Each structure stands twice: as C-alpha cells, then as structure tokens.
Amino acid sequence: MATQVLMPALSPTMEEGKLAKWLIKEGDVVKSGMVIAEIETDKATMEVEAVDEGRIGAILVPAGTEKVKVNTPIATILVDGETASTAAAAMAPKPAANGHAAPPVAMPMAPAPMPMPAVHTAPATPDWAPGTEMITQTMREALRDAMAEEMRRDADVLLMGEEVAQYQGAYKVSQNLLAEFGDKRVIDTPITEQGFAGIGVGAALAGLKPIVEFMTWNFGMQAIDQIINSAAKTLYMSGGQMGCAIVFRGPNGAAARVGAQHSQCYSSWYAHVPGLKVVCPSNPADAKGLMKAAIRDPNPVLVLENEMLYGMSGEVPKSADFVLPIGKARIARAGHHVTIVSFARGMMYALDAAKTLAAEGIEAEVIDLRSLRPIDWDCIIGSIKKTNRLVTVEEAWPTCSVGSEICAQAAIQAFDYLDAPPAKVSGADVPMPYAANLERLALPTAAQVVAAAKGVCYG
Amino acid sequence: MSAGDTTRGFTPGVTFPEYVPPVPPSSMHAAWQPSSASLAPGANNMPIPAFTRDEEMTAYKEMLLIRRFEEKAGQLYGMGFIGGFCHLYIGQEAVVVGLQMAGKKGDQVITTYRDHGHMLACGMDPKGVMAELTGRRGGYSRGKGGSMHMFSRDKQFFGGHGIVGASVPLGAGLAFANKYRGNDHVSFCYFGDGAVNQGQVYETFNMAELWKLPVIFVIENNRYAMGTSIERASATTNLSQRGLSFAIPGEQVDGMDVRAVNAAGDRVVKWVRAGNGPYILEMLTYRYRGHSMSDPAKYRTREEVDKVREERDPIERSRVRIMENRLASEDELKAIDKDIREVVNASAEFAQNDPEPDVAELYTDVLL
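As the structure is a computational prediction, the values presented were derived from the model and not from experiment.

### Some remarks on the overall build of chain A
The helix and strand tally for chain A stands at 14 helices and 22 strands. Roughly 18400 Å² of accessible area belongs to chain A as shown, and the carbon and sulfur atoms make up 56% of that amount.

Here it is, written out as structure tokens:
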C-alpha cells in the first residue's frame, strides 16, 4: 500500500506553511531520511525527509504553493509493484459496511491546531495620528523591528541570550539582527540564565542598556534572583544612584503541547515586584510600541511576549518614533454593559466573547491592560463605574493572579458601583497537562468569558 | 590528611597531577601551593617586593582606618545605633587595601556584604558609610540600604550585595561594559569562600573566560562561610584552582601581608588590563570577629583567633616593618593613629546625630 507524505508540522504551533521547493520528481526512487522538499514557515525554511522508501508516485501539491495546511497529503510513495493509479484507488476512502465513511487514519505529527487570528481588531482609540502609514507584519517582526530601530538609535543597546545571534532566535524574533549589528551587540550566551542575566544587570549598572532574552520565561525562573534582588532593588538600595536600564524579554505563558515546565504565565509573579515595570502586548502594534518604550525606559522592564501570538499579523504604524506609554491601558472595544479586563493572549478570548455578547445585545467594554506594572487603575476603575460589572480574563493560574488583584481593587475602589460580584476567568489551577484534551480544559475559552459576562449581567 | 589536600574524597594513594596555572602573568607564584588552611609566615618562601616608604605608610593608614572604623561600628552596634546585620572586616584589611593600590581611577569594585572596608578603600567618606550603618539621611544610600547595600557611582563602587554569589555575575557585567566600550578598566569582583560554591559563580567563570572579560575574581578566603569551615563546605579547598576547567589562571596569595597582596595585584591587573581575560586571586585571610555581630563564633577556638591575631596581623606586621626600617618614628605613628581616631569619631558623631530619612523617602528611588 502506498504511503502518503503529509505536510508536516515543524513546530508545536505551526498550522500551515509554504511548499517552497521539491527536490525530487515523480518516478524518483527515495530512501527513508532523504530530503525531498523544502517548506517555509514564518520562522524558517525546513527540509522534509521521506518517511519511507519506494518510488515517488505523485506530487500532489506543486512547488510554490502557499498556506498548505498541516497534514495535507503532498505526495505519495509507492511500494514495489504499485502504480500511481492503483495506489490512488487503494487510498480512496472505502465505504464501510454500515454505509459511513471509514474514520480518518491517525496522522503522524498532528498537533491540535490552536486558533490564530489573521488580523487583530482595530483599537477603538488608536495611538497614532490619522493618516499614519501602516504596514502589516507579524508580532515577531514587530518585536524584531522595535529592537533593530532602538539599536540603530542608541549604541549602548545590545541583545544577549541563548540562540539570539547565529541561530536567529529560538523563535526567530531576532532574525537578521546579527547581520546588521554584529557579534559585539548581538551575543549568543551559553545556557546559563542566572549567569547571563547577572552579567546583563552588571552591564546595566555600568550604564549599558542590555536586552536579555530568555528563550522562554520558564527558563527565566533560573534568573529570578538577579531580576528581583539585583535589577529591581538596587536603585532603591543605593538611594537613587544605581539605575538599571535593562529589558528582560521572551515568550511567557502557555505554548502548545509542551507540558507543565514549558507552559506557565509569570504575569502576577513580576507584577508583584516594586522596582520593575512589566508589559504584555496582545498584538503586533502594541508589541512594537511597548518594546521600544521598554528599551528607552531607564528602569528594568520585563516584556512578557507570547509564543502563540508571534505569528499573529496586524497593522503596525510605519514610524521609528512610534512608542507607547508604559502604564496606560487601551480600550480595545467600547461598551457600556460589562467591563472585560484582559491582557496578552487573554485578549483573544475577551474580544471573541465581546463579539458573541454583542450579537445577544450585551455591549462589553474590553480593556487591554498592556502594562501590568504600573497598571492603569484609572482606566479600569473608570470603566467599572460606567458599566457596574466586571469580568477578568487571563491564562494564568487563578490564585493571587492579576485578575485577583483587579477584583480586589474593584471591591476596594468601586464597591458602591458594582451591581454584581466580579467574575474571574483564569487558567485551571493545575500544572499544564500534555494531553490535547486536558490542555484545552486547562486554558480559558471565549465561551467561559461569555458565560461569566452573562453571569454578572443577569445575576 | 592535610587540610587543603585537593584529593580529599578520593581513594587514598591516588595522586593527582599538581595544578599549574595555564597562563600565569609571571612565574613568581606558579610553584607556590600553600595549604589554604595554613597561614604560616613565609609559606611560599618567596621574596616579597619591598614597599616604598609612601606605599608602606599609605597601606598602613588605609588599613588602620578600616580597623578603627570597624571597631567603632562594633561599638555603635552594641549601643543599638546600628540594626540588623553588621559584618565586620577586621583582620582582612590587607586584601582590599593592597588591591586598591594596584588599581587605577575608573576601575570598578563590587563585593558581597562584608563591605565596609571596600568602601573606605575606594575613598568613600567614612561619615557617609557610618551614617548608612545607622540608617540616617546622610548615608550613602540615604539610609535605605544599610550595612550590606551601599554604593557610590562617583567612586565606582557597585555594592554591597546581600545575596551570596549574586554579585559575581554583576562584577563580570561591569567588566563586560568595559570591554564593550573599549576602555582599559578592570573590575575587581570580591567574594568569599562561601560564595565560591554557588552555581552562578561557575556560570560567570565560563562566560568571563569565553568572552575574555577584564575581571579579577578576588576570593577572600577567611576560612569560614558563616560558621562552616572551608573543609566542611568544599570538596576541594585550593580555591585558586576553581577556574581550572575554564582555563582561568589563579593563584593563592598571603592575604595577611599587604605587600604580597599588592605585588600579586600589580601583576594581575596589568595582565587583565592587557586583554588576557579574567584571573583568580585567592586571598588567604582571616576574620577576627564573628560572621556578624550576633555570631558567638563557637565553631572555632579562641586560641585559633588569638594565634592569627598575634602572629599574622596585617596592620601589626606593617607597623613592625615601619619601625624596623625607620620609615616613621613612634611619635609619628601615634599621630597617625590619633588622626584616624578623630576621623572615625567624627563619622560616629555624625552617624548618631544625623536625622533619619524624611518619611517621604519611603516612596522615592523605586523607579527612575
């Protein structure tokens, strides 16, 4: 029986890619492990190897095809004696005895695709002047451009971390920076987070402006002592003498199917710490504006990015002077029935839910926090005073979370305005499971946000 | 088994090749392998270059200032003017004084929490240091740092750090900045025999050598990490060899002789400043007082402390040399002592009478 070659998923988050090039043609004999094609994703170009030996029966997807979904058959490999036509007949779905089609064969390397919005909802209140030229780019590109622009602007800015230089970034955020800025300013480090975070802080105390990338914030936990005890506290302990202009950045929160040690949201951990600033962009424009603000800020700033959002495309102002203020939230959608407060990837659930709610006559005001420290209490409390109802949305664990603090402040600062107890939508209070079904259950959904909003609206 | 034997824990009879520093700046100390627990004079049997009169007198005054300052700090602690932890440097004065004489203006200094001596040796004002110990507004950190957390950008003193080991990557980061800027400054990164077992020290050694950072790792081996003797905490006790697997050269130095410290410092600073990468100086030293003021020091005998104090005291050795070589008269030394006592008393006076920080200071200096 012929073997189908399927469009492979080349990363935990890949959903589709471009079939760039075939390196074989129909009729060629291939062996297992032979490179037969090249595939391009938004991160990289990867080689596809034959999974079996035999003769190439048919090339099903021509070279140059864009947006080929993961698991689409792209070629067939025939075993001895088969022809392309007999193979095609053998592989057609067979009617089962009861008349239903046979269940699909389990495909190798088939992760549960995670939803990925093509474009983000335009903000209700844009942060750029009307008529500003816009470009469409991914969040990954926006972050890279932000760093490149600031490195051009200030020779004291440098990037260090694991795989940031020659490998072009583990998640390709630092693509092409080595070529432009050289290895003096784009520095590959050994896998020693505590050590290089400390070296970064020392360099910042001496007046440089390092950007320290953690491959993910999970690994940044190795360096948390340097972030808190050295970076955050030294200005205070020195009576204002020792500023520390440093950016710690990397993907935060749940990725896809990587299990508990690689899926954790550190939002409340760092939002807790005086002496730090913490930003968490939810879309490409914010990613660029907040990253540039973080680099220009004279304090330690943490940029909590999100791997699941790196591929998100959106409109970004084409201006090297586009900088967003740290500490200001954005009203992503105006409304008057209920306030939904979220950040980072939680914004996807919040905005999805707002759409559903609008169809049922509930106009939600959706606030994108953008910054977790300082947090824009005026915006949050002002909105609660208008809508009298509050729902918080986050992927983090529920205990002592950012949502917890918002609910507490709503009770403290706006008790008399609340018409219902606030509701909190969070990740499940468990280490992230690996199994696809359990993982889905551990993360919030738009449906949960809708239910929570209705709960606070109708009691 | 002798203390300091680096084969401890291995099968008796198995010998290991003697450590040879990979690229020593000079051969002078290469053959010197004293036991780290031995502080016997002349353990290295090497000539120590004599000081000039100026050097001898400067070192004497600097060490005496630290000694008298620390004695006064101990008194103020006993009187309740200084709170929390207070780690005195008494006994170790030769280390920082000898090395500061080897550096130049613009070189950075960073250390852990036994930091008062380093600040004075960097030229920080004793009044500002003492007022920080008492938590007053005239302190270097406006009273918000305390004994363990003081800084002076003006004097390039980068603290004063309370987390054991955490200042080591910071010191390498200061050196990174020097290299990035292409200047010829070096960073003096001090830490103790306790910190040397922390993981991040080795992460730092690796990157410092990999990137050839101009940093001098000064291990002040005073033989006790709080109450744990080096033999009870370290599988190998010749700490100068701890950079061996990263190809960082190192040597042990008699840290109770300011001339030996300065001589090693002169050679090593020159070598590191020339772009050869990091170097480890293990200073064999001793603290006379407890780990902190609240330490009853039951982990060592009174006799051990007295013996070092009587036979090895860096200030007394300096004084004897001055007298023997007729560099100063008895009266001149008395006058120096008197001057230093006046400076220290003035600092104590200031530190007791300076007001506490304004309450508005609570919320300042959190962010720039």
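There is more to say after this.
### So, the sheet that holds strand β15 (residues 301-305) of chain A
Residues and elements named next belong to chain A. Taken in spatial order, the 7 strands make up an open sheet running β11-β10-β12-β13-β15-β14-β20, and their pairing is mixed. Strands at the two margins of the open sheet, each flanked by one partner only, are β11 (186-188) and β20 (371-373). Strand-to-strand twist of the sheet, defined as the mean angle between neighbouring strand axes without regard to direction, takes the value 20°. Pairing analysis gives 5 bridges linking strand β10 (residues 157-161) to strand β12 (residues 209-213), with the strands arranged parallel. Its bridge partner being in β12, leucine 158 is matched across the sheet by proline 210. Strands in contact with helix α2 (residues 139-153) are β10, β11, β12, β13 (247-251) and β15; relative to β10, the strand with the most contacts, it is inclined by about 135°.

### Considerations on the pairing of strand β4 (residues 35-40) of chain A
Within a regular beta strand, the side chains point alternately toward one face of the sheet and then the other, so they alternate between its two faces. Residue and element names in this part refer to chain A. Here 4 bridges tie strand β2 (residues 16-22) to β4, and the two strands are oriented antiparallel to one another. Across the sheet, residue lysine 18 finds its bridge partner in β4, namely glutamate 40. Here 5 bridges tie β4 to strand β5 (residues 45-49), and the two strands are oriented antiparallel to one another. Bridging across to β5, alanine 37 finds its partner in valine 48. Taken together, β4 and the strand that follows it, β5, pair antiparallel across an intervening segment of 4 residues.

### Quick look at the interface of chain B and chain A
Each side of the interface is counted separately: chain B has 35 residues, and chain A has 45 residues. Counting the surface lost from both chain B and chain A, the interface buries some 3500 Å², and carbon and sulfur atoms represent 65% of this. When the area that chain B buries against chain A is broken down by residue, the three leading residues are B:Arg153, B:Tyr180 and B:Leu368, summing to 22%. In this assembly, chain B and chain A are joined by 0 salt bridges. Scanning the region where chain B abuts chain A turns up 18 residue pairs in polar contact (both at pLDDT 80 or more). Counting only elements with at least two residues in the side of chain B that touches chain A, the list comes to α5 (167-181) and α6 (199-210) of chain B.

### Remarks on the pattern of salt bridges
Residue and element names in this part refer to chain B. Scanning the model with the defined rule gives 46 salt bridges over all chains in all. Put simply, arginine 67 and glutamate 93 hold a salt bridge, and the shortest N to O gap is 2.5 Å. With arginine 67 in helix α1 (residues 53-78) and glutamate 93 in helix α2 (residues 93-100), this pair connects stretches of sequence that are 26 residues apart. A residue is classified by how much of its surface remains accessible, and glutamate 93, at 0% relative accessible area, is buried. Residues aspartate 257 and arginine 321 are paired through a salt bridge, measuring 3.9 Å at the closest nitrogen-oxygen approach. Of the two residues, aspartate 257 is situated in the loop between β6 (250-254) and α8 (258-276) and arginine 321 in helix α10 (residues 314-324); the sequence distance between them amounts to 64 residues. Just as aspartate 257 is buried, arginine 321 falls in that class too. A cluster of three or more residues bridged by salt bridges with shared partners is formed by Glu56, Asp254, Asp257, Arg259, Arg312, Arg317 and Arg321.

### Overview of the sheet that holds strand β8 (residues 73-78) of chain A
Residues and elements named next belong to chain A. Strand order in this open sheet of 4 strands is β1-β8-β6-β3, and the pairing throughout is antiparallel. Pairing within the sheet leaves two strands with one partner each, and these edge strands are β1 (3-6) and β3 (29-30). Note that β1 and β8 share 4 bridges and pair antiparallel. In the strand pairing of β8, leucine 6 is matched with proline 73.

### Some points on the pairing of β2(A)
As judged from the 3 bridges shared by β2(A) and strand β7 (residues 65-69) of chain A, these two strands associate in the antiparallel manner. In the strand pairing of β7(A), A:Glu16 is matched with A:Lys69.

### A closer look at the side chain of B:Asp193
All names here are of chain B. Relative to the assigned elements, aspartate 193 resides in the loop between β2 (187-192) and α6. Buried and without a salt bridge, aspartate 193 has arginine 287 as its closest oppositely charged side chain, separated by 7.3 Å. In this structure the side chain of aspartate 193 is engaged in a polar contact, spanning 3.1 Å, whose partner is the backbone nitrogen of asparagine 222. In this structure the side chain of aspartate 193 is engaged in a polar contact, spanning 3.4 Å, whose partner is the backbone nitrogen of tyrosine 224. Not counting chain neighbours up to four residues away, the residues in contact with aspartate 193 comprise Ile219, Glu220, Asn221, Asn222, Arg223, Tyr224, Ala225, Ile230 and Leu239.

### Describing helix α4 (residues 126-133) of chain B
All names here are of chain B. Most of α4 is tucked away, with 7 of its 8 residues classed as buried. Within α4 the residues assigned to the buried category are Pro126, Gly128, Val129, Met130, Ala131, Glu132 and Leu133. Buried residues in α4 make contact with α1, α3 (116-121) and α11 (330-353). Near the N-terminus of α4, the side chain that reaches the backbone nitrogen of lysine 127, with its oxygen 2.9 Å away, is that of aspartate 125.

### Regarding the environment of A:Ala165
Residue and element names in this part refer to chain A. With respect to the helices and strands, the residue alanine 165 is situated in the loop between β10 and α3 (177-181). For alanine 165, a relative accessible area of 3% corresponds to the buried category. Sequence spacing of alanine 165 and glycine 182 is 17 residues, and the spatial spacing of their C-alpha atoms is 8.6 Å. In this view, alanine 165 contacts Leu178, Val186 and Asp188; residues no more than four positions away in its chain are not counted.

### Examining helix α9 (residues 302-312) of chain B
Residue and element names in this part refer to chain B. Those residues of α9 lying buried are Val305, Val308 and Arg312. On an axial view of α9, the arc spanned by its buried residues comes to 80°, and they lie on one face. Turned more than 90 degrees away from the buried face of α9 sit Arg302, Glu303 and Glu310, all of them exposed. Those residues of α9 that are buried are in contact with β6 and α10.

### Some remarks on the confidence of the model for chain A
Parts of the model with low pLDDT should not have their predicted coordinates read in detail. Per-residue pLDDT for chain A averages 90, and the proportion of residues at 70 or more is 90%. Contacts of residues 93-124 of chain A to residues separated by more than four positions or lying in other chains number 49 contacts, the stretch itself having pLDDT below 50.

### Things to note about the packing of aromatic side chains
Inspection of every chain in the model, using the stated rule, returns 18 aromatic pairs over all chains. Centroid distance A:Tyr266 to A:Tyr270: 6.4 Å. Interplanar angle 45°. Geometry classified as tilted. Of the two residues, A:Tyr266 and A:Tyr270, both sit in the buried class. Note on B:Phe191 and B:Phe217: the rings are 6.3 Å apart at their centroids and 75° apart in plane angle, and the pair reads as edge-to-face.

### Considering unusual backbone geometry
The omega angle of the peptide bond from A:Arg373 to A:Pro374 is -5°, so this bond is cis rather than trans. Looking at the secondary structure, you find A:Pro374 in the loop between β20 and α11 (377-387). Cis rather than trans, the peptide bond between B:Gly159 and B:Gly160 has omega equal to 25°. Within the secondary structure, B:Gly160 sits in the loop between α4 and α5.

### Regarding the confidence of the model for chain B
Considering every residue of chain B, the mean pLDDT works out to 89; 88% of them sit at 70 or more. Confidence over residues 1-45 of chain B falls short of pLDDT 50; this stretch has 74 contacts with residues more than four positions distant or in other chains.

### A short note on the packing of α5(B) against α6(B)
Residues and elements named next belong to chain B. The N-to-C vectors of α5 and α6 enclose an angle of 20°; their axes lie 8 Å apart at closest approach. When the interaxial angle is binned, α5 and α6 end up roughly parallel. As α5 packs across α6, the resulting crossing turns out to be left-handed. Across from Val168, Pro169 and Ala172 in α5, the residues of α6 making contact are Gln200, Val201 and Thr204. Here the contact of α5 with α6 is composed, by residue class, of 4 nonpolar, 2 polar and no charged.

Calculation criteria
Residues numbered from 1 in each chain as written. Chains lettered and ligands numbered in written order. Predicted model: local features only at pLDDT ≥ 70, side-chain atom pairs only at ≥ 80, totals over all residues. Heavy atoms only, no water. Helix = DSSP H or I, 4+ residues; strand = E, 2+ residues; numbered from the N terminus. Areas by Shrake-Rupley, 256 points an atom, 1.4 Å probe, with all protein chains shown as cover. Pairing = 2+ DSSP bridges. Axes fitted to C-alpha atoms, helices over the stretch in contact; angles between N-to-C directions. Contact = heavy atoms within 4.5 Å. Buried area = accessible area lost by both parts, 1.4 Å probe. Salt bridge = Lys/Arg side-chain N within 4 Å of Asp/Glu carboxyl O. Polar contact = N/O pair within 3.5 Å; in protein donor to acceptor, adjacent residues only side chain to side chain. Buried < 20%, exposed > 50% of the residue type's maximum accessible area, 1.4 Å probe, protein only. Lys, Arg positive; Asp, Glu negative; His and termini not counted. Arc of directions from axis to C-beta. pLDDT = per-residue confidence, 0-100. Phe/Tyr/Trp six-rings, centres within 6.5 Å; stacked < 30°, edge-to-face > 60°. Parallel < 35°, antiparallel > 145°, perpendicular 65-115°, else oblique. Left-handed = near helix turned anticlockwise from the far one by under 90°. Nonpolar A, V, L, I, M, F, W, Y, C, P; charged D, E, K, R; others polar.

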